[in-house]
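Chain residues, written in single-letter form:
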Amino acid sequence: MTRFLVYDVFTDTPFGGNPLAVIPDASGLTGAMMQKIAREFNFSESAFLLPPEDAAHTAKVRIFTPTMEVPFAGHPTIGTAVALADLGKGPDMVLELGVGPIPCRAEAGTARLVTKQPLRVLSRPEPALVADCIGLQAESIRTERHAPVQATVGLEFVLVELTGLEALQEATPVVDNFRIGAKRYPAGLDFAIFCYVRDGQKVNARMFAPLDNMPEDPATGSAAAALTALLSEQDGLGQSFEIRQGVEMGRPSLIHTRAELSSGRTASIEVSGKAVRVMQGELVI
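Residues numbered from 1 in each chain as written. Predicted model: local features only at pLDDT ≥ 70, side-chain atom pairs only at ≥ 80, totals over all residues. Heavy atoms only, no water.

### Topic: the packing of aromatic side chains
Thinking step 1. Enumeration over the complete set of coordinates arrives at five aromatic pairs.
Thinking step 2. Note on Y185 and F191: the rings are 6.0 Å apart at their centroids and 20° apart in plane angle, and the pair reads as stacked. The burial state of Y185 is the same as that of F191; both residues are buried. (Phe/Tyr/Trp six-rings, centres within 6.5 Å; stacked < 30°, edge-to-face > 60°. Buried < 20%, exposed > 50% of the residue type's maximum accessible area, 1.4 Å probe, protein only.)

This is the structure in structure tokens:
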């Protein structure tokens with residue numbers, strides 16, 4: 001039997017935030033079996049812990065969506081760090097992910113990760129296409145600060161600013177249009193869209209990735225990190241943000257981010273938040 005834990009991440013309230021399955025000891029599982037387990041849980045991601053390749057590190061972590069393995073994601077890293085702290089590891093730890101070692105600190109149900117992955121801009125999708133994907137008129141896409149941009153600090157997202165909270169609330173994924181976007185702009189995730197409204201250092205956001213079995217995601221730390229890097233580089237200074245997500249789903253989440261710049265480019269990004277255990281049990285396999 002294989003033990004599992006389920007945490008709700010970027011919240012301190014059970015059944016809020018983004019659920020995450022954590023397999024504390026996945027050493028007896030193949031990659032194919034990990035993918036089947038992730039599909040069975042059907043959360044946006046599941047995390048599988050293995051012995052580290054470097055003995056100085058805490059654990060190797062493989063992250064799977066229901067459809068694929070991904071090299072990095074925010075809520076699995078935060079949730080895994082809190083889980084390890086609850087299991088007696090930490091508070092300081094280094095997790096080996098597909099993007100390299102990620103230092104984390106977790107205690108009292110709160111975790112912080114730091115990544116030095118640079119911001120990479122992959123493409124600049126047409127505003128009309130992005131609007132079609134989320135069921136809005138092109139006029140709902142705000143472009144004066146930045147047009148839609150497909151960017152990554154480990155996982156790819158189309159970052160798009162909307163004109164206001166009403167547009168954000170009305171956004172609805174249109175799957176056929178996502179297929180057009182994914183074909184035109186292929187990436188690790190299939191044209192995942194992180195749309196947001198900004199009010200100073202406060203951000204409200206939603207994330208849609210229907211082609212990856214995520215019609216909507218309640219909290220997306222990797223997208224929040226990419227957005228923080230983009231806005232910091234755009235404004236020419238390191239910034240901190242408070243990002244609320246999952247409200248429309250009834251799973252409110254709170255993500256804190258901070259970026260530091262060097263010569264105008266992102267030098268490091270910090271993502272932090274809370275997590276709470278809500279389930280535990282065994283897989284009978």
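Okay, back to it.
### Things to note about the side chain of S44
Thinking step 1. Within the secondary structure, S44 is located in the loop between α1 (31-41) and β3 (46-50).
Thinking step 2. Polar contacts involving the side chain of S44 include one to the side chain of E45, which spans 3.4 Å.
Thinking step 3. Engagement of the side chain of S44 in a polar contact is seen with the side chain of D217, the distance being 3.1 Å.
Thinking step 4. Beyond its immediate sequence surroundings of up to four residues, S44 is in contact with N18, F64, T65, P66, H75, M214 and D217. (Helix = DSSP H or I, 4+ residues; strand = E, 2+ residues; numbered from the N terminus. Polar contact = N/O pair within 3.5 Å; in protein donor to acceptor, adjacent residues only side chain to side chain. Contact = heavy atoms within 4.5 Å.)

### Thoughts on the nonpolar core
Thinking step 1. If you look at the biggest cluster of nonpolar residues, it comprises 60 residues, and the most contacted ones within it are Y7, L95, L97, F157, L159, F194 and I243.
Thinking step 2. Of the residues forming this core, the biggest block, eight residues, is contributed by helix α6 (residues 221-235).
Thinking step 3. Setting aside residues no more than four positions away along its own chain, Y7 makes contact with N18, P19, L20, V22, V82, A83, D86, A275, V276 and R277.
Thinking step 4. Grouped together as the second largest cluster of nonpolar side chains are 21 residues, L136, V158, V160 and A167 included. (Core = buried A, V, L, I, M, F, W, Y, C linked by side-chain atoms within 4.5 Å.)

### Remarks on the pairing of strand β14 (residues 202-209)
Here is the key point about a regular strand: its side chains alternate between the two faces of the sheet.
Thinking step 1. For β14, a buried count of six out of eight residues is recorded, marking the element as mostly surrounded by other parts of the structure.
Thinking step 2. Where strand β13 (residues 193-199) meets β14, seven bridges bridge the pair, whose relative direction is antiparallel. Its bridge partner being in β14, F194 is matched across the sheet by M207.
Thinking step 3. In this structure, β14 lies alongside strand β16 (residues 240-245), joined through four bridges in parallel fashion. Bridge pairing in β16 links V203 to I243.
Thinking step 4. Two elements, β14 and strand β15 (residues 214-217), share two bridges in a ladder whose sense is antiparallel. Bridge assignment links M207 to a residue of β15, and that residue is D217.
Thinking step 5. In sequence, β14 turns back onto β15 through a hairpin of four residues, with N213 there showing a positive phi of about 65°. (Pairing = 2+ DSSP bridges.)

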